[in-house]
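Geometric and topological summary
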Amino acid sequence: MFDFGVLKSKVARRILVLFVICALLPIAAMTLLSFVQVSGTLYEQSRARLQQDTKSFAMSVHERLFMLEAELEILQSTIRPAPGEPVDPEQLLRRSDFEQRFLAIASIDGEGRMTPIFGELEGLPERSAEEMNHISLGRTLVSTVAMTEQPAAVFLTTALDQDDLTAGLLTAKVSLPYLWTGDVGDVAPGGIEVSVFDEENRLLFTSFPGSSRIGDEILPELSESIGEFEWSFLGEEYLCSYRPMGDAYNFFVPTWSVVLLQARSEVNAPVRQFRRLFPLVTLLSLWAVLLLSISQIRRSLVPLERLREGTQRIANREFDSRVRVTSGDEFEELADSFNLMAGQLGSQFRALTAMAEIDRSILSVLDIKKIVRTVLAHMPEVIPCDAVGLILINATDSSRAQIWWRNLKWGGEPFEEDHILGSSGLDELLANPNGLSFTMDNGGPSYLEPMAKQGNNAFLALPISVQEQLAAILCLGFETETFHTQDNLALARQVVDQVAVALSNARLIIELDELTWGALLALARTIDAKSPWTAGHSERVTSMALKIGRELGLSELELDHLQRGGLLHDIGKIGTPAEILDKPGRLTDEEMRVMRQHPSMGAQILEPVKSFDGVIPIVLQHHEWFDGSGYPDGAAGEEIDIRARIFAVADVFDALVSDRPYRSAMPFEKVIDLMTELTGTQFDPVVMEAFMRVVSQDSRIEAMLAPEPRRRSSVGI
């Protein structure tokens with residue numbers, strides 16, 4: 001709840017009036033502009049939606065024609081009677097959807113004799129020479145017969161034998177409810193009516209009485225094939241959208257016109273709804289301005305309240321609290337004095353806060369660089385110093401180290417330097433877990449020299465041990481020799497212990513990561529070793545895929561998935577017999593079926609491992625084609641994971657430039673020409689562009705397919 005008591009002040013009331021006036025003017029202007037803009041946008045969206053519905057209806061009818069054609073092709077392949085021989089209808093009636101989609105079906109022999117299959121085929125129009133030529137090309141003829149008192153009849157005719165037109169024709173009378181509304185039975189969304197006219201603007205179908213006037217009066221006068229117009233019928237205004245629909249190539253269908261009508265009252269419904277809600281929103285905005293004004297005034301008139309709250313926090317030992325007053329008067333001076341006192345009381349508590357931050361940060365991450373940066377950033381808050389450094393000793397070579405240090409006077413990013421340790425006092429340091437103090441006047445250890453060069457003469461070095469071995473050294477630098485209290489040393493030792501735990505955890509993760517990658521590489525080589533023709537295939541393909549992925553700007557996570565998926569992409573071939581993998585000749589249909597099971601089998605093998613969720617799409621889809629003719633699922637375009645599209649290019653490239661049992665390796669130029677021809681069908685054009693940029697950098701096949709070193713996350717250990 002807002003405290004309206006602040007309005008008792010004259011200053012508060014004056015500020016409130018100014019605030020409201022300044023807010024009302026832009027709100028009023030924005031309200032008018034928004035009203036006009038949104039009203040127009042809503043109306044245009046309704047018109048665009050009607051146009052889209054028109055297109056959708058036309059495409060749906062066209063799609064159903066293809067489905068009806070497919071049904072006739074099924075019947076054609078099942079029943080091919082000789083001329084004059086009757087057809088057994090029982091073969092057809094087993095498919096109940098034939099009777100739902102066709103009113104009648106009959107075969108017509110070469111002499112024009114009709115043999116009914118089911119139903120009575122009446123009103124069939126005569127076929128012209130052009131229509132018979134269309135049928136002879138192996139296509140389906142769609143013909144219509146307009147009726148005066150009932151809907152137009154639609155017929156589909158195709159050859160019983162596409163190679164022999166004298167074998168007769170198969171003709172079906174289409175069920176009009178299915179053709180125009182489909183299995184769902186809905187013509188168009190609620191409130192929208194549909195009419196279809198033939199090429200002579202005769203009505204073929206309508207869900208709205210009076211639509212025949214559109215074909216007689218309006219459509220002949222329209223100059224554009226796609227558009228909209230307004231129409232009035234029985235005192236109601238309608239917005240109409242029209243577009244052509246036809247397919248002369250497949251069905252010899254001349255241009256039909258599809259018209260969708262929607263009452264203007266329905267079109268304007270969103271605008272009316274907006275006009276009802278807009279005043280309420282405006283009123284709510286005014287109330288928001290008023291309440292926010294009071295809130296801001298209250299914040300401007302409470303410096304005394306802040307000082308009172310500050311004293312309470314100090315009483316509760318919240319020494320790090322600060323009172324911020326920028327009034328420019330005596331209240332601001334009083335706040336400055338208060339903050340000075342609080343700062344002196346809270347100096348010790350800042351060190352504890354820094355300790356907690358270091359603990360939270362370094363124990364919640366496993367990246368050694370982040371651990372180092374956290375310690376360098378917060379250690380001066382624990383023990384005031386002029387410089388802080390962390391020396392990470394190499395786990396495999398204790399004579400080498402990586403030194404990170406930060407000079408507080410210089411600021412900026414920490415410095416980093418590789419260093420040779422030798423045996424300069426490491427044993428003595430390890431024997432003193434509480435640390436050793438050095439001055440460079442007496443010749444300190446060599447690992448302190450980088451910080452000494454920046455003006456630091458005295459140092460406190462504390463060893464950090466992991467599994468009883470020296471893993472790192474924490475160094476605090478001072479310009480002059482400084483006395484360290486037991487409290488400071490205890491705090492520093494606590495930080496050292498936490499850093500030791502963090503480094504130990506990071507080292508375990510690195511070792512586990514190396515073990516994981518080693519296992520993946522071993523598994524990949526095991527898969528490739530199953531056939532002498534694929535030795536090293538997985539590593540080479542992975543190398544090329546990573547180059548393409550980087551060229552496309554994939555993230556580090558996607559590149560990691562790409563590398564893992566590359567090594568495991570052929571894991572499904574574990575279940576493929578060696579005689580198929582090494583067969584020198586062309587595979588039989590059954591052998592090809594077995595071979596094409598390896599992507600699905602690979603995905604099934606990896607599915608129980610949760611960490612391979614990002615890898616499975618690569619394994620499953622790396623044989624999919626961009627045009628949808630690949631396997632195992634026939635995915636196409638964007639349905640195929642981008643990493644699988646990348647890997648498909650790399651996989652084919654390596655296969656073509658490598659020897660196989662059924663052929664020798666192809667020349668590089670021939671491989672590039674072949675893959676270019678398959679762009680857009682087998683390969684994603686965007687991926688191919690990136691691939692061409694990669695191969696243009698170095699056309700040597702050995703360089704392009706050379707295995708890449710795995711990315712490592714370790715620093716110093």
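All values derive from a computational prediction rather than experimental measurement.

**A short note on the overall build of the protein chain**
Each helix and strand in the protein chain was counted, giving 26 helices and 16 strands. Here the protein chain, with 717 residues, has 44% of them falling under the buried criterion. Intrachain contacts of the protein chain at a sequence separation of at least 6 include 59% that bridge at least 24 residues. When the accessible surface of the protein chain is summed, it comes to about 37400 Å², and 54% of that surface belongs to carbon and sulfur atoms.

**Here we look at the packing of helix α18 (residues 556-568) against helix α23 (residues 642-657)**
Between two packed helices, both the angle of their axes relative to each other and the distance between the axes serve to describe the pair. Orientation of α18 relative to α23, taken along the N-to-C sense of each, is 50 degrees, at an axis distance of 10 Å. Here α23 runs oblique to α18, going by the angle between their axes. For the element pair α18 and α23, the recorded crossing hand is right-handed. Here Glu558, His561, Leu562 and Gly566 of α18 lie close against α23, whose contacting residues are Arg643, Ile646 and Phe647. Of the residues contributing to the contact of α18 with α23, the split by class is three nonpolar, two polar and two charged.

**Here we look at a nonpolar patch on the surface**
Taken together, Val17, Ile21 and Leu25 make up a surface patch of nonpolar side chains, about 300 Å² in accessible area. For Leu25, a relative accessible area of 64% corresponds to the exposed category.

**Re the nonpolar core**
Counting 43 residues, the largest nonpolar core has Ile105 and Trp180 as its most contacted members. In terms of residues, this core owes the most to one element, helix α1 (residues 10-78), which gives ten residues. Among the nonpolar cores identified, the runner-up in size contains 30 residues, and Val382, Trp404, Ala471 and Ala500 belong to it.

**Thoughts on the sheet that holds strand β7 (residues 203-206)**
Read across the sheet, five strands follow the order β7-β6-β10-β9-β8 without closing on themselves; strand pairing throughout is antiparallel. Every other strand in the sheet has two partners, leaving β7 and β8 (227-233) as the edge strands with one partner each. The sheet shows a mean angle of 25 degrees between the axes of neighbouring strands, taken without regard to direction. Bridge analysis of strand β9 (residues 236-247) against strand β10 (residues 253-263) gives nine bridges, and the strand direction is antiparallel. Within β10, the residue paired with Arg243 across the bridge is Val258.

**Remarks on the side chain of Arg645**
Within the secondary structure, Arg645 sits in helix α23. Among the polar contacts made by the side chain of Arg645, one reaches the side chain of Asp684 at a distance of 2.6 Å.

**A short note on unusual backbone geometry**
Here the bond from Tyr631 into Pro632 is cis, since omega is 15 degrees, no more than 30 degrees from zero. In this fold, Pro632 is placed in the loop between α22 (616-621) and α23.

**Observations regarding the pairing of strand β5 (residues 169-174)**
Of all six residues in β5, six are buried, a share of seventy percent or more. With burial as the criterion, each face of β5 is covered, one bearing Leu169, Thr171 and Lys173 and the other bearing Leu170, Ala172 and Val174. Where strand β1 (residues 102-108) meets β5, six bridges bridge the pair, whose relative direction is antiparallel. Residue Ala104 lies in a different strand from β5, and its bridge partner there is Lys173.

**Description of the sheet that holds strand β3 (residues 141-145)**
The strand order across the open sheet built from five strands is β2-β1-β5-β4-β3, with neighbouring strands paired in antiparallel fashion. Since the sheet does not close on itself, it has two edges, and those belong to β2 (114-118) and β3, each with one partner. With direction set aside, neighbouring strand axes in the sheet form an average angle of 25 degrees. Bridging between β1 and β2 involves four bridges; their strand directions are antiparallel. In the strand pairing of β2, Ala106 is matched with Pro116.

**A short note on the packing of helix α17 (residues 537-551) against α23**
One can describe the packing of α17 onto α23 by two numbers: an axis separation of 8 Å at closest approach and a directional angle of 135 degrees. When the axes of α17 and α23 are compared, the pair comes out oblique. Two packed elements cross with a definite hand, and for α17 against α23 that hand is right-handed. Between α17 and α23, the contacting residues are His537, Arg540, Val541, Thr542, Met544, Ala545, Ile548 and Gly549 on the first element and Ile646, Phe647, Val649, Ala650, Asp651, Phe653 and Asp654 on the second. Split by residue class, the contact of α17 with α23 holds nine nonpolar, three polar and three charged.

**Quick look at the packing of aromatic side chains**
Inspection of every chain in the model, using the stated rule, returns six aromatic pairs. Centre to centre, the rings of Trp180 and Phe205 are 5.3 Å apart; their planes meet at 20 degrees, and the pair counts as stacked. Here the residue Trp180 occupies a position in helix α5 (residues 176-181), and Phe205 occupies one in strand β7, the gap between them amounting to 25 residues. The exposure class assigned to Trp180 is buried, which follows from its relative accessible area of 2%. On the basis of an interplanar angle of 85 degrees and a centroid distance of 6.3 Å, the ring pair of Phe653 and Phe668 is categorised as edge-to-face. Here the residue Phe653 occupies a position in helix α23, and Phe668 occupies one in helix α24 (residues 668-677), the gap between them amounting to 15 residues. What links up through ring pairs into an aromatic cluster is the set Trp180, Phe205 and Trp256.

**Topic: the environment of Leu75**
Here Leu75 lies in helix α1. With a relative accessible area of 3%, Leu75 lands in the buried category. Residues Leu75 and Phe98, 23 residues apart in the sequence, show an inter-C-alpha distance of 9.4 Å.

Scoring rules and cut-offs
Residues numbered from 1 in each chain as written. Predicted model: local features only at pLDDT ≥ 70, side-chain atom pairs only at ≥ 80, totals over all residues. Heavy atoms only, no water. Helix = DSSP H or I, 4+ residues; strand = E, 2+ residues; numbered from the N terminus. Buried < 20%, exposed > 50% of the residue type's maximum accessible area, 1.4 Å probe, protein only. Contact = heavy atoms within 4.5 Å. Areas by Shrake-Rupley, 256 points an atom, 1.4 Å probe, with all protein chains shown as cover. Axes fitted to C-alpha atoms, helices over the stretch in contact; angles between N-to-C directions. Parallel < 35°, antiparallel > 145°, perpendicular 65-115°, else oblique. Left-handed = near helix turned anticlockwise from the far one by under 90°. Nonpolar A, V, L, I, M, F, W, Y, C, P; charged D, E, K, R; others polar. Patch = residues over 30% accessible without salt bridge, like charges linked within 9 Å, V, L, I, M, F, W, Y side chains within 5 Å. Salt bridge = Lys/Arg side-chain N within 4 Å of Asp/Glu carboxyl O. Core = buried A, V, L, I, M, F, W, Y, C linked by side-chain atoms within 4.5 Å. Pairing = 2+ DSSP bridges. Polar contact = N/O pair within 3.5 Å; in protein donor to acceptor, adjacent residues only side chain to side chain. Phe/Tyr/Trp six-rings, centres within 6.5 Å; stacked < 30°, edge-to-face > 60°.

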